[in-house]
Amino acid sequence: MSVDTVRVAMGARAYDVRIGQGLIGRAGAEIAPVLSRPKVWVITEETVAGLHLAALRAGLVAEGVEMEALSLPPGEATKSWQYLTRVVEWLLEQKVERRDMVVAFGGGVIGDLVGFAAAILRRGVRFVQVPTSLLAQVDSSVGGKTGINTRHGKNLVGAFHQPALVLADIDVLGTLAARDFLAGYGEVVKYGLLGDAAFFAWLETNGPALAAGDIGVRQQAVRHAVQMKADIVARDETEQGERALLNLGHTFCHALEAATGYSERLLHGEGVAIGCALAFDLSARMGLCAQEEPSRVRAHLANMKMKRDLSDIAGELPDADGLLALMAQDKKVVDGHLRLILVRGIGEAFVTAEVPPDLLRGVLSEALSARG
Ligand SMILES: NC(=O)c1ccc[n+]([C@@H]2O[C@H](COP(=O)([O-])OP(=O)(O)OC[C@H]3O[C@@H](n4cnc5c(N)ncnc54)[C@H](O)[C@@H]3O)[C@@H](O)[C@H]2O)c1
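Residues numbered from 1 in each chain as written. Predicted model: local features only at pLDDT ≥ 70, side-chain atom pairs only at ≥ 80, totals over all residues. Heavy atoms only, no water.

**What to know about the pairing of strand S9 (residues 165–169)**
The criterion, for reference: Each residue is assigned to one of three classes by its accessible area relative to the maximum for its type, calculated with a 1.4 Å probe on protein chains only: buried under 20%, partly exposed between the two thresholds, exposed over 50%. Where helices and strands are cited, they refer to DSSP runs of H or I of at least four residues and of E of at least two residues respectively, numbered from the N terminus. Strand pairing is defined by DSSP finding a minimum of two bridges between the two strands.
Most of S9 sits out of view: five of its five residues are buried. Taking every second residue as pointing to the same face, both faces of S9 are buried, with Leu165, Leu167 and Asp169 on one and Val166 and Ala168 on the other. Pairing of strand S2 (residues 15–20) with S9, which is carried by five bridges, proceeds in the parallel orientation. For Asp16, the partnering residue across the bridge sits in S9 and is Leu165. Sheet topology places strand S6 (residues 126–131) next to S9; two bridges connect them, and they run parallel.

**Here we look at the sheet that holds strand S1 (residues 4–8)**
Under the convention used in this document: Between the N-to-C directions of two axes lies an angle of 0 to 180 degrees, each axis being a line fitted to C-alpha atoms and, for a helix, fitted only over the stretch in contact. What makes two residues a contact is simply this: any of their non-hydrogen atoms within 4.5 Å.
In space, the seven strands of this open sheet follow the order S1-S2-S9-S6-S5-S3-S4, with mixed pairing throughout. The open sheet has two edge strands, S1 and strand S4 (66–72), and neither has a second partner. Averaged over all pairs of adjacent strands, the angle between their axes in this sheet comes to 20°, without regard to strand direction. In this structure, strand S5 (residues 101–106) lies alongside S6, joined through six bridges in parallel fashion. In the strand pairing of S6, Gly106 is matched with Pro131. Each of strand S3 (39–45), S4 and S5 touches helix H2 (residues 46–61); the most contacted strand, S3, lies at about 160° to it.

**Remarks on the site of the ligand**
The criterion, for reference: One heavy atom within 4 Å of a molecule or strand is enough for the residue carrying it to be called near that molecule or strand. Definition of a polar contact: a pair of N or O atoms within 3.5 Å, with one able to donate and the other able to accept a hydrogen when the atoms are protein atoms, and with sequence-neighbouring residues admitted only if both atoms are side-chain atoms. Here the Shrake-Rupley method, with its probe set to 1.4 Å, supplies the accessible areas, and only the displayed protein chains count as covering residues.
In the vicinity of the ligand, 25 residues are found, and the nearest of them are Glu45, Gly108, Thr132, Ser133 and Thr175. At 3.1 Å from an oxygen atom of the ligand is found a main-chain nitrogen or oxygen belonging to Val109. Thr132 is positioned with one of its side-chain polar atoms (N or O) 2.8 Å from a nitrogen atom of the ligand. Protein chains bury 87% of the 860 Å² of accessible surface belonging to the ligand in isolation. When residues of the shell around the ligand are traced back to their parent elements, those giving at least two are H2, helix H4 (108–120), helix H5 (134–140) and strand S8 (153–160). Top contributing element to the shell around the ligand by residue count: H2, with four residues.

**Remarks on the environment of Met67**
Within the fold, Met67 resides in strand S4. The class for Met67 is buried, based on a relative accessible area of 6%. C-alpha separation for the pair Met67 and Val42, spaced 25 residues apart in sequence, amounts to 6.8 Å. Not counting the four nearest positions on each side in its chain, Met67 is found in contact with Val40, Val42, Leu53, Arg57 and Leu60.

**Considerations on H4**
Rule in force here: Here a helix's expected span is defined as the number of its residues, less one, multiplied by 1.5 Å.
A rise of 1.5 Å per residue sets the reference length of H4, with its 13 residues, at 18 Å; its end C-alpha atoms lie 18 Å apart and thus fit the reference within 8%. Of all 13 residues making up H4, twelve are buried, and the element is well covered by its neighbours. Those residues of H4 that sit buried are Gly108, Val109, Ile110, Gly111, Asp112, Leu113, Val114, Gly115, Phe116, Ala117, Ala118 and Ala119.

**Looking at the packing of helix H6 (residues 178–195) against helix H10 (residues 268–285)**
This is how the line gets drawn: Crossing handedness: left-handed means the near helix sits turned counterclockwise from the far one by under a right angle, and right-handed means the same turn made clockwise.
For the pair H6 and H10, interaxial distance at closest approach is 7 Å and the crossing angle is 35°. Once H6 is placed against H10, the crossing between them reads as left-handed. Along the contact surface, H6 presents Arg179, Ala183, Gly186, Glu187, Lys190 and Leu193, while H10 presents His268, Gly269, Glu270, Val272, Ala273, Cys276 and Phe280.

**Some remarks on the pattern of salt bridges**
As a working rule, side chains carrying opposite charge can pair if their charged atoms are close by. Inclusion rule: Only one rule defines a salt bridge in this text: a Lys or Arg side-chain nitrogen within 4 Å of an Asp or Glu carboxyl oxygen.
Scanning all chains against the criterion turns up 26 salt bridges. One salt bridge connects Lys79 with Asp112, and the closest N-O pair in it is separated by 2.9 Å. Taken together, the positions of Lys79 in the loop between S4 and helix H3 (81–93) and Asp112 in helix H4 put the pair 33 residues apart, joining distant regions of the chain. In terms of burial, Lys79 and Asp112 fall into one category: buried. Through salt bridges that share partners, Glu76, Lys79, Asp112, Lys154 and Glu257 make up one connected network.

**Brief notes about the packing of aromatic side chains**
Going by this rule: Only Phe, Tyr and Trp rings take part, Trp by its six-membered ring, and two of them pair if their centres are within 6.5 Å. Stacked means planes under 30 degrees apart, edge-to-face means over 60, and tilted covers everything else. Note on criteria: charge over ring means Lys NZ or Arg CZ within 6 Å of the ring centre, with the direction from the centre no more than 35 degrees off the ring normal.
Scanning all chains against the criterion turns up one aromatic pair. Ring geometry for Phe199 against Trp202: centres 5.9 Å apart, planes inclined by 15°, an arrangement best described as stacked. You can see Phe199 and its partner Trp202 sitting in helix H7 (residues 197–211), three residues apart, about one turn around the helix. A residue is classified by how much of its surface remains accessible, and Phe199, at 3% relative accessible area, is buried. Trp202 gets classed as partly exposed once you look at its relative accessible area, which sits at 22%. For the cation-ring pair, Arg344 lies above Phe350, with the distance from its terminal atom to the ring centre recorded as 3.8 Å.

**With respect to the state of the cysteines**
The condition that has to hold: Here, the term disulfide refers to a pair of cysteine sulfur atoms separated by no more than 2.5 Å.
The full count for this structure, using the stated rule, is zero disulfides. Considering cysteine sulfurs only, Cys276 is the nearest to Cys253, which forms no disulfide, with 8.9 Å between them. Look at Cys253 and you get buried, because its relative accessible area is 0%. Cysteine Cys289 is unpaired, with the sulfur of Cys276 as its nearest cysteine sulfur at 12 Å. Cys289 gets classed as buried once you look at its relative accessible area, which sits at 6%.

**A look at the side chain of Ser140**
Its location among the elements puts Ser140 in helix H5. For Ser140, a relative accessible area of 17% corresponds to the buried category. Excluding its chain neighbours within four sequence positions, the residues that come into contact with Ser140 are Gly108, Asp112, Gln129 and Leu135.

It is worth stressing that arrangement in space is one thing and function is another; only the former is reported here.
Below you can see the structure in the form of C-alpha coordinates.
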(Lines give C-alpha, C1' and ligand atoms only; values in the text may rest on other atoms or scores of the structure.)
Protein backbone atom coordinates (compact mmCIF):
# COMPACT_ATOMS: atom_id res chain seq x y z
CA MET A 1 0.00 0.00 0.00
CA SER A 2 1.18 3.48 -0.70
CA VAL A 3 2.30 6.03 1.85
CA ASP A 4 0.20 9.19 2.25
CA THR A 5 1.81 12.53 3.04
CA VAL A 6 -0.08 15.27 4.83
CA ARG A 7 1.75 18.58 4.92
CA VAL A 8 1.32 20.76 8.00
CA ALA A 9 1.67 24.18 6.38
CA MET A 10 3.43 26.41 8.89
CA GLY A 11 5.78 28.48 6.80
CA ALA A 12 9.40 27.91 7.78
CA ARG A 13 8.29 25.31 10.34
CA ALA A 14 6.17 23.26 7.91
CA TYR A 15 6.53 19.49 8.15
CA ASP A 16 5.22 16.26 6.70
CA VAL A 17 3.14 13.60 8.38
CA ARG A 18 3.84 10.33 6.62
CA ILE A 19 1.13 7.69 7.02
CA GLY A 20 1.40 4.11 5.84
CA GLN A 21 2.58 0.56 6.37
CA GLY A 22 6.18 -0.42 7.02
CA LEU A 23 7.44 3.08 7.80
CA ILE A 24 9.41 1.96 10.86
CA GLY A 25 11.33 -0.54 8.78
CA ARG A 26 12.25 2.33 6.45
CA ALA A 27 12.81 4.87 9.22
CA GLY A 28 16.40 5.59 8.20
CA ALA A 29 15.45 6.61 4.67
CA GLU A 30 12.46 8.59 5.95
CA ILE A 31 14.37 10.48 8.63
CA ALA A 32 17.75 10.97 6.88
CA PRO A 33 16.64 14.06 4.90
CA VAL A 34 15.97 16.00 8.13
CA LEU A 35 19.19 14.96 9.92
CA SER A 36 22.32 17.10 10.19
CA ARG A 37 24.41 14.02 11.14
CA PRO A 38 23.57 10.31 10.89
CA LYS A 39 22.56 9.72 14.50
CA VAL A 40 19.32 10.01 16.50
CA TRP A 41 18.37 9.83 20.19
CA VAL A 42 15.22 7.80 20.72
CA ILE A 43 13.10 8.06 23.85
CA THR A 44 10.46 5.39 24.25
CA GLU A 45 8.69 3.35 26.92
CA GLU A 46 9.06 -0.28 27.90
CA THR A 47 5.91 -1.70 26.27
CA VAL A 48 6.62 -0.11 22.90
CA ALA A 49 10.35 -0.88 23.18
CA GLY A 50 9.65 -4.57 23.77
CA LEU A 51 7.44 -4.78 20.71
CA HIS A 52 8.98 -2.41 18.17
CA LEU A 53 12.35 -0.89 19.14
CA ALA A 54 14.40 -3.58 17.39
CA ALA A 55 12.52 -2.89 14.14
CA LEU A 56 13.14 0.85 14.48
CA ARG A 57 16.86 0.26 15.10
CA ALA A 58 17.06 -2.03 12.08
CA GLY A 59 15.24 0.54 9.93
CA LEU A 60 17.68 3.25 10.97
CA VAL A 61 20.83 1.14 10.71
CA ALA A 62 19.83 0.04 7.20
CA GLU A 63 20.51 3.63 6.10
CA GLY A 64 23.57 4.08 8.31
CA VAL A 65 21.75 6.07 11.00
CA GLU A 66 23.05 5.29 14.48
CA MET A 67 20.65 5.25 17.42
CA GLU A 68 20.89 5.67 21.19
CA ALA A 69 17.77 4.80 23.17
CA LEU A 70 16.28 5.57 26.57
CA SER A 71 13.28 3.54 27.72
CA LEU A 72 10.92 4.85 30.42
CA PRO A 73 8.04 3.18 32.29
CA PRO A 74 4.77 3.17 30.31
CA GLY A 75 1.72 5.10 31.54
CA GLU A 76 0.39 8.60 32.17
CA ALA A 77 2.50 8.99 35.35
CA THR A 78 5.58 9.25 33.13
CA LYS A 79 4.37 12.66 31.86
CA SER A 80 5.85 14.23 34.98
CA TRP A 81 8.57 16.58 36.26
CA GLN A 82 10.53 13.51 37.35
CA TYR A 83 10.74 11.98 33.90
CA LEU A 84 11.14 15.33 32.18
CA THR A 85 14.30 15.77 34.26
CA ARG A 86 15.40 12.23 33.43
CA VAL A 87 14.99 12.80 29.67
CA VAL A 88 16.68 16.21 29.63
CA GLU A 89 19.62 15.01 31.77
CA TRP A 90 20.05 11.94 29.57
CA LEU A 91 20.11 14.06 26.42
CA LEU A 92 22.70 16.35 28.02
CA GLU A 93 24.82 13.36 29.09
CA GLN A 94 24.61 12.18 25.49
CA LYS A 95 25.89 15.61 24.41
CA VAL A 96 22.96 16.18 22.10
CA GLU A 97 23.48 19.43 20.25
CA ARG A 98 21.09 22.07 19.00
CA ARG A 99 20.95 20.67 15.46
CA ASP A 100 20.62 17.04 16.52
CA MET A 101 17.44 15.02 16.25
CA VAL A 102 15.50 13.53 19.16
CA VAL A 103 12.87 10.87 18.38
CA ALA A 104 9.70 10.34 20.43
CA PHE A 105 8.72 6.70 19.94
CA GLY A 106 5.46 5.78 21.69
CA GLY A 107 1.93 6.92 22.40
CA GLY A 108 0.72 10.36 23.44
CA VAL A 109 2.49 10.15 26.78
CA ILE A 110 5.94 9.81 25.22
CA GLY A 111 5.12 12.29 22.43
CA ASP A 112 4.04 15.01 24.87
CA LEU A 113 6.92 14.42 27.31
CA VAL A 114 9.69 14.12 24.74
CA GLY A 115 8.36 17.02 22.67
CA PHE A 116 8.49 19.22 25.76
CA ALA A 117 12.00 18.03 26.64
CA ALA A 118 13.07 18.90 23.07
CA ALA A 119 11.40 22.32 23.39
CA ILE A 120 13.44 23.29 26.45
CA LEU A 121 16.75 21.50 25.84
CA ARG A 122 19.26 24.15 24.72
CA ARG A 123 16.18 26.39 24.17
CA GLY A 124 14.89 24.01 21.54
CA VAL A 125 16.26 21.01 19.66
CA ARG A 126 14.51 19.35 16.74
CA PHE A 127 12.48 16.19 17.17
CA VAL A 128 10.63 13.56 15.16
CA GLN A 129 7.37 12.01 16.31
CA VAL A 130 7.00 8.28 15.67
CA PRO A 131 3.52 7.75 17.20
CA THR A 132 2.57 4.17 18.06
CA SER A 133 -0.97 4.45 19.45
CA LEU A 134 -4.06 5.31 17.41
CA LEU A 135 -4.62 8.38 19.60
CA ALA A 136 -1.09 9.60 18.98
CA GLN A 137 -1.28 8.99 15.22
CA VAL A 138 -4.56 10.83 14.70
CA ASP A 139 -4.10 13.57 17.24
CA SER A 140 -1.28 14.15 19.71
CA SER A 141 1.72 13.75 17.37
CA VAL A 142 0.47 16.53 15.06
CA GLY A 143 0.21 20.19 15.98
CA GLY A 144 3.08 20.76 18.39
CA LYS A 145 1.33 20.79 21.76
CA THR A 146 3.76 19.27 24.25
CA GLY A 147 3.80 19.11 28.01
CA ILE A 148 3.55 17.30 31.31
CA ASN A 149 1.08 16.90 34.17
CA THR A 150 1.60 18.29 37.67
CA ARG A 151 -0.23 17.58 40.91
CA HIS A 152 -2.46 20.53 39.99
CA GLY A 153 -3.77 18.83 36.87
CA LYS A 154 -3.13 17.54 33.37
CA ASN A 155 -1.06 19.29 30.71
CA LEU A 156 -0.59 22.39 32.86
CA VAL A 157 3.08 22.87 31.99
CA GLY A 158 4.21 22.75 28.39
CA ALA A 159 5.14 24.50 25.19
CA PHE A 160 4.22 24.69 21.54
CA HIS A 161 7.04 22.94 19.70
CA GLN A 162 6.43 21.55 16.22
CA PRO A 163 8.15 18.31 15.15
CA ALA A 164 10.39 18.20 12.07
CA LEU A 165 8.58 15.08 10.79
CA VAL A 166 5.88 12.64 11.91
CA LEU A 167 6.08 8.98 10.91
CA ALA A 168 2.78 7.18 11.48
CA ASP A 169 3.38 3.52 10.73
CA ILE A 170 -0.12 2.06 10.83
CA ASP A 171 1.21 -1.51 11.17
CA VAL A 172 2.30 -0.89 14.78
CA LEU A 173 -1.32 -0.26 15.76
CA GLY A 174 -1.82 -4.01 15.34
CA THR A 175 -0.17 -4.69 18.72
CA LEU A 176 -2.37 -2.23 20.68
CA ALA A 177 -4.71 -3.72 23.27
CA ALA A 178 -8.31 -3.57 22.01
CA ARG A 179 -9.23 -1.12 24.77
CA ASP A 180 -6.40 1.26 23.83
CA PHE A 181 -7.35 1.06 20.16
CA LEU A 182 -10.98 1.96 20.94
CA ALA A 183 -9.89 4.78 23.24
CA GLY A 184 -7.95 6.23 20.31
CA TYR A 185 -11.09 5.86 18.22
CA GLY A 186 -12.75 8.33 20.61
CA GLU A 187 -10.49 11.01 19.10
CA VAL A 188 -11.17 9.78 15.54
CA VAL A 189 -14.93 10.07 15.92
CA LYS A 190 -14.44 13.50 17.51
CA TYR A 191 -13.20 14.86 14.14
CA GLY A 192 -16.42 13.86 12.42
CA LEU A 193 -18.53 15.27 15.22
CA LEU A 194 -16.74 18.61 15.34
CA GLY A 195 -16.38 19.44 11.68
CA ASP A 196 -17.17 16.78 9.11
CA ALA A 197 -20.59 15.12 8.98
CA ALA A 198 -19.60 13.09 5.90
CA PHE A 199 -16.62 11.64 7.81
CA PHE A 200 -18.93 10.72 10.71
CA ALA A 201 -21.25 8.95 8.25
CA TRP A 202 -18.22 7.16 6.75
CA LEU A 203 -17.22 6.04 10.25
CA GLU A 204 -20.75 4.77 10.93
CA THR A 205 -20.26 2.48 7.92
CA ASN A 206 -16.56 1.67 8.28
CA GLY A 207 -15.85 1.95 12.03
CA PRO A 208 -16.51 -1.74 12.75
CA ALA A 209 -14.07 -2.79 9.97
CA LEU A 210 -11.50 -0.38 11.41
CA ALA A 211 -11.84 -1.94 14.86
CA ALA A 212 -11.60 -5.41 13.29
CA GLY A 213 -8.22 -4.53 11.79
CA ASP A 214 -8.96 -3.64 8.15
CA ILE A 215 -5.72 -2.01 6.98
CA GLY A 216 -7.19 -0.02 4.09
CA VAL A 217 -9.83 1.52 6.33
CA ARG A 218 -7.18 2.20 8.99
CA GLN A 219 -5.04 4.13 6.55
CA GLN A 220 -8.00 6.19 5.32
CA ALA A 221 -9.19 6.97 8.85
CA VAL A 222 -5.75 8.06 10.08
CA ARG A 223 -5.11 10.12 6.95
CA HIS A 224 -8.45 11.90 7.13
CA ALA A 225 -8.10 12.73 10.82
CA VAL A 226 -4.52 13.97 10.36
CA GLN A 227 -5.57 16.10 7.38
CA MET A 228 -8.31 17.73 9.46
CA LYS A 229 -5.94 18.39 12.34
CA ALA A 230 -3.20 19.71 10.03
CA ASP A 231 -5.62 22.13 8.37
CA ILE A 232 -6.94 23.46 11.68
CA VAL A 233 -3.46 23.78 13.25
CA ALA A 234 -2.07 25.57 10.20
CA ARG A 235 -4.84 28.17 10.49
CA ASP A 236 -4.64 28.55 14.29
CA GLU A 237 -1.42 27.15 15.79
CA THR A 238 -1.75 28.64 19.28
CA GLU A 239 -5.49 28.16 19.77
CA GLN A 240 -6.70 31.73 19.48
CA GLY A 241 -9.90 30.48 17.85
CA GLU A 242 -10.73 27.49 15.69
CA ARG A 243 -8.22 25.08 17.25
CA ALA A 244 -10.36 25.06 20.41
CA LEU A 245 -12.92 23.01 18.47
CA LEU A 246 -10.53 20.06 18.75
CA ASN A 247 -11.45 20.09 22.43
CA LEU A 248 -15.02 18.94 21.76
CA GLY A 249 -15.98 16.77 24.73
CA HIS A 250 -12.75 17.54 26.56
CA THR A 251 -14.05 19.77 29.38
CA PHE A 252 -16.38 16.95 30.43
CA CYS A 253 -13.58 14.44 29.83
CA HIS A 254 -11.04 16.29 31.99
CA ALA A 255 -13.55 16.51 34.86
CA LEU A 256 -14.25 12.77 34.57
CA GLU A 257 -10.54 11.93 34.39
CA ALA A 258 -9.92 13.99 37.53
CA ALA A 259 -12.90 12.34 39.24
CA THR A 260 -11.53 8.88 38.44
CA GLY A 261 -7.99 9.79 39.49
CA TYR A 262 -6.46 9.48 35.96
CA SER A 263 -6.70 5.73 36.48
CA GLU A 264 -7.56 2.63 34.47
CA ARG A 265 -11.20 3.32 35.34
CA LEU A 266 -11.33 5.78 32.43
CA LEU A 267 -8.83 6.19 29.59
CA HIS A 268 -8.51 9.63 28.00
CA GLY A 269 -10.11 8.65 24.69
CA GLU A 270 -12.98 6.93 26.52
CA GLY A 271 -13.60 10.17 28.41
CA VAL A 272 -13.56 12.07 25.11
CA ALA A 273 -16.30 9.81 23.69
CA ILE A 274 -18.48 10.22 26.79
CA GLY A 275 -17.72 13.96 26.81
CA CYS A 276 -18.81 14.31 23.17
CA ALA A 277 -22.09 12.55 23.96
CA LEU A 278 -22.65 14.95 26.90
CA ALA A 279 -21.84 17.97 24.70
CA PHE A 280 -24.53 16.77 22.28
CA ASP A 281 -26.98 16.27 25.19
CA LEU A 282 -26.39 19.81 26.39
CA SER A 283 -26.65 21.23 22.87
CA ALA A 284 -29.99 19.46 22.35
CA ARG A 285 -31.20 20.67 25.77
CA MET A 286 -30.31 24.24 24.78
CA GLY A 287 -32.25 23.85 21.54
CA LEU A 288 -29.10 24.22 19.45
CA CYS A 289 -29.32 20.86 17.68
CA ALA A 290 -32.05 18.36 16.87
CA GLN A 291 -33.14 16.03 19.67
CA GLU A 292 -32.17 12.97 17.55
CA GLU A 293 -28.49 13.94 17.25
CA PRO A 294 -27.32 12.74 20.71
CA SER A 295 -29.01 9.36 20.07
CA ARG A 296 -27.25 9.02 16.70
CA VAL A 297 -23.88 9.70 18.37
CA ARG A 298 -24.57 7.16 21.13
CA ALA A 299 -25.85 4.56 18.63
CA HIS A 300 -22.54 4.72 16.79
CA LEU A 301 -20.48 4.51 20.00
CA ALA A 302 -22.62 1.55 21.09
CA ASN A 303 -22.07 -0.14 17.74
CA MET A 304 -18.31 0.31 18.31
CA LYS A 305 -18.69 -1.21 21.80
CA MET A 306 -17.41 1.99 23.35
CA LYS A 307 -18.16 3.71 26.61
CA ARG A 308 -20.72 6.48 26.02
CA ASP A 309 -22.52 7.19 29.30
CA LEU A 310 -21.54 7.96 32.88
CA SER A 311 -23.05 4.57 33.75
CA ASP A 312 -20.21 2.96 31.75
CA ILE A 313 -17.71 4.23 34.35
CA ALA A 314 -17.27 1.79 37.24
CA GLY A 315 -17.23 2.98 40.85
CA GLU A 316 -18.20 6.21 42.56
CA LEU A 317 -18.44 9.59 40.81
CA PRO A 318 -18.97 13.02 42.41
CA ASP A 319 -22.46 14.57 42.23
CA ALA A 320 -23.36 17.17 39.57
CA ASP A 321 -21.95 20.06 41.64
CA GLY A 322 -18.74 18.11 42.18
CA LEU A 323 -18.38 17.55 38.44
CA LEU A 324 -19.15 21.23 37.76
CA ALA A 325 -16.39 22.24 40.17
CA LEU A 326 -13.96 19.98 38.31
CA MET A 327 -15.07 21.43 34.96
CA ALA A 328 -14.32 24.91 36.29
CA GLN A 329 -10.62 23.94 36.51
CA ASP A 330 -10.48 23.70 32.72
CA LYS A 331 -7.87 25.71 30.79
CA LYS A 332 -10.71 27.14 28.70
CA VAL A 333 -12.09 29.07 31.68
CA VAL A 334 -11.67 32.79 31.01
CA ASP A 335 -12.34 35.28 33.84
CA GLY A 336 -14.12 32.52 35.72
CA HIS A 337 -16.55 31.86 32.83
CA LEU A 338 -16.77 28.33 31.51
CA ARG A 339 -16.37 28.15 27.74
CA LEU A 340 -17.65 24.99 26.12
CA ILE A 341 -17.59 23.47 22.66
CA LEU A 342 -21.19 22.84 21.66
CA VAL A 343 -22.82 21.77 18.40
CA ARG A 344 -25.55 22.84 16.00
CA GLY A 345 -25.52 19.31 14.63
CA ILE A 346 -23.09 16.54 13.71
CA GLY A 347 -20.06 18.24 12.14
CA GLU A 348 -20.99 21.73 13.34
CA ALA A 349 -19.14 22.57 16.54
CA PHE A 350 -18.58 26.08 17.91
CA VAL A 351 -17.20 27.69 21.05
CA THR A 352 -19.51 29.48 23.46
CA ALA A 353 -19.37 31.10 26.86
CA GLU A 354 -23.18 31.28 26.97
CA VAL A 355 -23.97 28.12 28.88
CA PRO A 356 -26.84 28.42 31.36
CA PRO A 357 -25.43 26.77 34.52
CA ASP A 358 -28.79 25.23 35.42
CA LEU A 359 -29.08 23.44 32.08
CA LEU A 360 -25.55 22.11 32.42
CA ARG A 361 -26.23 20.95 35.99
CA GLY A 362 -29.45 19.34 34.75
CA VAL A 363 -27.67 17.37 32.01
CA LEU A 364 -25.06 16.13 34.50
CA SER A 365 -27.69 15.23 37.12
CA GLU A 366 -29.67 13.24 34.57
CA ALA A 367 -26.56 11.47 33.29
CA LEU A 368 -25.62 10.60 36.89
CA SER A 369 -29.11 9.41 37.83
CA ALA A 370 -29.10 7.04 34.85
CA ARG A 371 -26.28 5.22 36.70
CA GLY A 372 -28.96 4.00 39.12
N1 LIG B 1 -0.43 16.92 22.42
C2 LIG B 1 -1.67 16.79 22.05
O3 LIG B 1 -2.17 17.51 21.17
C4 LIG B 1 -2.51 15.70 22.66
C5 LIG B 1 -3.76 15.37 22.09
C6 LIG B 1 -4.47 14.32 22.66
C7 LIG B 1 -3.96 13.62 23.75
N8 LIG B 1 -2.75 13.97 24.27
C9 LIG B 1 -2.17 13.23 25.40
O10 LIG B 1 -1.90 11.90 24.97
C11 LIG B 1 -1.88 11.04 26.09
C12 LIG B 1 -2.65 9.79 25.77
O13 LIG B 1 -2.03 9.16 24.67
P14 LIG B 1 -2.14 7.59 24.45
O15 LIG B 1 -3.57 7.19 24.55
O16 LIG B 1 -1.37 7.25 23.26
O17 LIG B 1 -1.48 7.05 25.79
P18 LIG B 1 -0.17 6.18 26.04
O19 LIG B 1 1.01 6.81 25.47
O20 LIG B 1 -0.17 5.90 27.52
O21 LIG B 1 -0.48 4.83 25.26
C22 LIG B 1 -1.61 4.06 25.63
C23 LIG B 1 -1.19 2.62 25.94
O24 LIG B 1 -0.84 1.98 24.74
C25 LIG B 1 0.44 1.36 24.85
N26 LIG B 1 1.01 1.37 23.51
C27 LIG B 1 1.37 2.43 22.74
N28 LIG B 1 1.71 2.02 21.51
C29 LIG B 1 1.56 0.68 21.48
C30 LIG B 1 1.71 -0.31 20.48
N31 LIG B 1 2.04 -0.01 19.22
N32 LIG B 1 1.46 -1.61 20.82
C33 LIG B 1 1.07 -1.94 22.07
N34 LIG B 1 0.88 -1.04 23.05
C35 LIG B 1 1.12 0.25 22.76
C36 LIG B 1 1.17 2.16 25.88
O37 LIG B 1 2.17 1.41 26.51
C38 LIG B 1 0.03 2.50 26.86
O39 LIG B 1 -0.19 1.43 27.74
C40 LIG B 1 -2.48 11.83 27.25
O41 LIG B 1 -1.44 12.22 28.12
C42 LIG B 1 -3.09 13.06 26.57
O43 LIG B 1 -3.07 14.20 27.42
C44 LIG B 1 -2.03 14.99 23.74
